[in-house]
Amino acid sequence: MNTEDALTAADPASRDSFAEELADTLAGVHRLTRRRLRAGLTAPRLRGAEVELLRLVEARPGIGISEAAKELSLAGNSVSTLVNHLVRDGYLVRETDPADRRAARLLATDAAAGRLRDWRERRTELLGRHLAGLAESDREALRDAVPALRRLAESLREEAEAR
């Protein structure tokens, strides 16, 4: 453990300050990225939860609503509402599960795939441009932080699933 880690572990106020600073910074980067990507959109804006659901369905075609709700840590009725909007807007297809006629399976449409592809390309370009403007040491520090941030996200997901 390095000196800074030892101080943080020993001093709850320092630990809390770090947690607050990290949370604020991650939220700020996310918010600013979202705002920049919204600028110049020609299609109606999708809410964050709608994009998350589309990304999940694209990654796991045929996922059910309850499984999607669990994966996204949302209430089933909230996901049902999102699904209804996305079906109405032509981004999702809801099919009856042949194994259980009461359950629905979700599939992304070509329109959703195109929208997500465009979003990924624009996000990659935006962040790539800003990363290129940073010092190499900052880019390396961010690259090194990615695995730890993934573990943090997994820890948060596991805690949500345990509840």
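Residues numbered from 1 in each chain as written. Predicted model: local features only at pLDDT ≥ 70, side-chain atom pairs only at ≥ 80, totals over all residues. Heavy atoms only, no water.

**Description of helix H3 (residues 48-59)**
Here is step 1 of the chain: Taking 1.5 Å as the rise per residue, H3 with 12 residues should run 16 Å; its terminal C-alpha atoms sit 17 Å apart, in good agreement.
Here is step 2 of the chain: Taken as a whole, H3 has its buried residues at Glu50, Val51, Leu53, Leu54, Leu56 and Val57.
Here is step 3 of the chain: Here the buried face of H3 lies against helix H4 (65-72), helix H5 (76-88), strand S1 (92-97), strand S2 (100-108) and helix H6 (110-132). (Helix = DSSP H or I, 4+ residues; strand = E, 2+ residues; numbered from the N terminus. Expected span 1.5 Å × (residues − 1). Buried < 20%, exposed > 50% of the residue type's maximum accessible area, 1.4 Å probe, protein only. Contact = heavy atoms within 4.5 Å.)

**Side note on the environment of Leu149**
Here is step 1 of the chain: Locating Leu149 in the fold gives a position in helix H7 (residues 136-162).
Here is step 2 of the chain: When the C-alpha atoms of Leu149 and Thr25 are compared, they prove to be 13 Å apart, with 124 residues separating the residues in sequence.

**Structural notes on the pattern of salt bridges**
Here is step 1 of the chain: Per the stated rule, a full pass over the model turns up 10 salt bridges.
Here is step 2 of the chain: Measuring nitrogen to oxygen at the nearest pair gives 2.5 Å for the salt bridge that ties Glu58 to Arg120. Note that Glu58 is positioned in helix H3 and Arg120 in helix H6, a separation of 62 residues in sequence.
Here is step 3 of the chain: Of the residues examined, Glu58 reaches a relative accessible area of 29% and is grouped as partly exposed.
Here is step 4 of the chain: Asp100 is the partner of Arg102 in a salt bridge, and the nearest nitrogen-oxygen pair spans 3.1 Å.
Here is step 5 of the chain: Within this structure, Arg60, Glu67 and Glu71 form a network of salt bridges that share partners. (Salt bridge = Lys/Arg side-chain N within 4 Å of Asp/Glu carboxyl O.)

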